[in-house]
Amino acid sequence: MCTSICYTSTDHYFGRNLDYEIDYGQKVIIVPRNYVFNYRDMPAQKSHYAFIGVSVVNDNYPLLCDAINEKGLGIAGLNFQGPGYYFPQIKGKKNIASFELIPYLLSNCESTAEVKEILADASISNVSFSSNYPAADLHWILSDKTGKSIVVESTKSGLHVYDNPVNVLTNNPEFPSQLTKLSDYVDVTPSNPKNTLVPNVDVNIYSRGLGTHHLPGGMDSSSRFVKAAFVLSHAPKGKDEVENVTNYFHILHSVEQAKGLDEVENNRYEYTMYTDCMNLDKGILYFTTYDNNRINAVDMYKENLDAEDLICYDLFKKQDINYIS
Ligand SMILES: C[C@H](CCC(=O)NCCS(=O)(=O)O)[C@H]1CC[C@H]2[C@@H]3CC[C@@H]4C[C@H](O)CC[C@]4(C)[C@H]3C[C@H](O)[C@]12C
């Protein structure tokens, strides 16, 4: 499973938890402006906006999981197995292979408003990158500097673009159903609950935090959706970058999956492999990984963004304990 959020303070912060059981060898990568994109059914693009994100690199091609561009548009792909459906190439439409969606939108769009326009005549085609990389069933969340988000889902009934009022995405079911389920939890509150159960009885409120007693805590996508929406909507705004980044990681770490809790097959467990936080205004990517709780950062503006070749950094690092004695 995965969870993605957009957190707004003075700047905007976008990213995700990537929860899975298979390490694809992801790296932090920067795609500079003059890296050439050859699309399957669209003209090649020699120059475009630069972007930074987390990616599998195969044959010098960035298979991106999540990224932001220099204009402050962010996008993340999350599993959507079941409802997800890609189409054969359709004449008269812009056919975008699922693995091309992130690079194509980040190359060409500044905002979610532009994404909506560009997707109006588009279809996500069921073309695989290669036999080793069949098309993954995904849906996508996008955010920009307005602090607003949208969700893109391709199902049998077509390509859908939804406004996302909670700025959260997890996995199944389809996005409108996730939103509907929030209504089961609308009375969850950070404050002390009022006794409306037996108002004439003096109930001993035995603990702090009882307003969150019914907040779900499961590893499943619905539970993470509700919990992340609650934690995000009540998160304080920091007064500087470090405080904001700290707040952001607390939100996503509140729905992270520890090893051993989500058995996907006999003795194989899904867990949160990495968490990233991309500052949409400053082009900085921060990350933690399962084995390294320290926050690491890559600033895209420290590199030559007019270059032609991909720039890569290791993501999976070792734990970095500060031994005091
Ligand atoms: C596994 C991850 C989703 C995690 C998740 O949501 N887990 C919930 C499971 S569940 O919903 O509970 O069942 C997804 C998210 C992004 C994906 C990559 C996107 C680029 C590329 C696309 C190509 O087509 C195939 C290879 C490719 C490298 C993809 C591999 C893999 O698919 C990635 C990592």
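Residues numbered from 1 in each chain as written. Predicted model: local features only at pLDDT ≥ 70, side-chain atom pairs only at ≥ 80, totals over all residues. Heavy atoms only, no water.

Per an unreviewed UniProt entry, the chain goes by choloylglycine hydrolase and derives from Lactobacillus kalixensis DSM 16043. Regarding the chain, the relevant UniProt record gives this comment under Pathway (unreviewed entry): "Lipid metabolism; bile acid biosynthesis." (UniProt positions renumbered as here; feature names shortened; annotations may be inferred.)

A.B. asks: Now, about helix α1 (residues 101–108): what can you tell me, with residues and values included?
C.D. replies: With 7 of 8 residues buried, α1 lies mostly within the body of the structure. Every buried residue belonging to α1 is among L101, I102, P103, Y104, L105, L106 and S107, and all of these are buried. (Buried < 20%, exposed > 50% of the residue type's maximum accessible area, 1.4 Å probe, protein only. Helix = DSSP H or I, 4+ residues; strand = E, 2+ residues; numbered from the N terminus.)

A.B. asks: Describe the pairing of strand β11 (residues 158–164), listing the residues and the values that go with them.
C.D. replies: Alignment of strand β10 (residues 149–155) against β11, held across 7 bridges, turns out to be antiparallel. Looking across to β11, one finds that V152 is bridged to V161. Between the antiparallel neighbours β10 and β11 lie 2 residues. (Pairing = 2+ DSSP bridges.)

A.B. asks: Explain unusual backbone geometry to me, using residue names and the numbers behind them.
C.D. replies: Here the bond from N172 into P173 is cis, since omega is -5 degrees, no more than 30 degrees from zero. Within the secondary structure, P173 sits in the loop between β12 (168–169) and α3 (175–181). Unusually for a residue other than glycine, N60 sits at a positive phi of about 65 degrees. Considering the arrangement of structural elements, one finds N60 in the loop between β4 (51–58) and β5 (61–69). The backbone of N267 shows a phi angle near 65 degrees, a positive value even though the residue is not glycine. You can see N267 is positioned in the loop between β13 (263–265) and β14 (268–269). Residue N267 is classed as exposed on the basis of its relative accessible area, which comes to 63%.

A.B. asks: Which residues make up the UniProt feature "domain: Choloylglycine hydrolase/NAAA C-terminal" (unreviewed entry) in the chain, and what values do they have?
C.D. replies: The UniProt entry lists residues 2–313 under the feature "domain: Choloylglycine hydrolase/NAAA C-terminal" (unreviewed entry), expressed in the numbering used here. In this annotation, residues 2–313 is assigned 16% helix and 34% strand; the end-to-end C-alpha distance for the span is 22 Å.

A.B. asks: Explain helix α2 (residues 112–119) to me, using residue names and the numbers behind them.
C.D. replies: Of the residues making up α2, those classed as buried are T112, V115, I118 and L119. The buried residues of α2 occupy an angular sector of 115 degrees when the element is viewed end-on, so they sit on one face. (Arc of directions from axis to C-beta.)

A.B. asks: Explain the sheet that holds strand β15 (residues 271–279) to me, and be specific about the residues and the numbers.
C.D. replies: Read across the open sheet, the 6 strands follow the order β12-β1-β2-β15-β16-β17; overall the sheet is antiparallel. Edge positions in the sheet fall to β12 and β17 (292–299), since each has one partner strand and no second. Two elements, strand β2 (residues 12–20) and β15, share 6 bridges in a ladder whose sense is antiparallel. Note that in β15 the partner of L18 across the bridge is Y274. With respect to the sheet, helix α5 (residues 241–253) is in contact with β1 (2–8), β2, β15, β16 (284–289) and β17, its orientation differing from that of β2 by roughly 35 degrees. (Contact = heavy atoms within 4.5 Å. Axes fitted to C-alpha atoms, helices over the stretch in contact; angles between N-to-C directions.)

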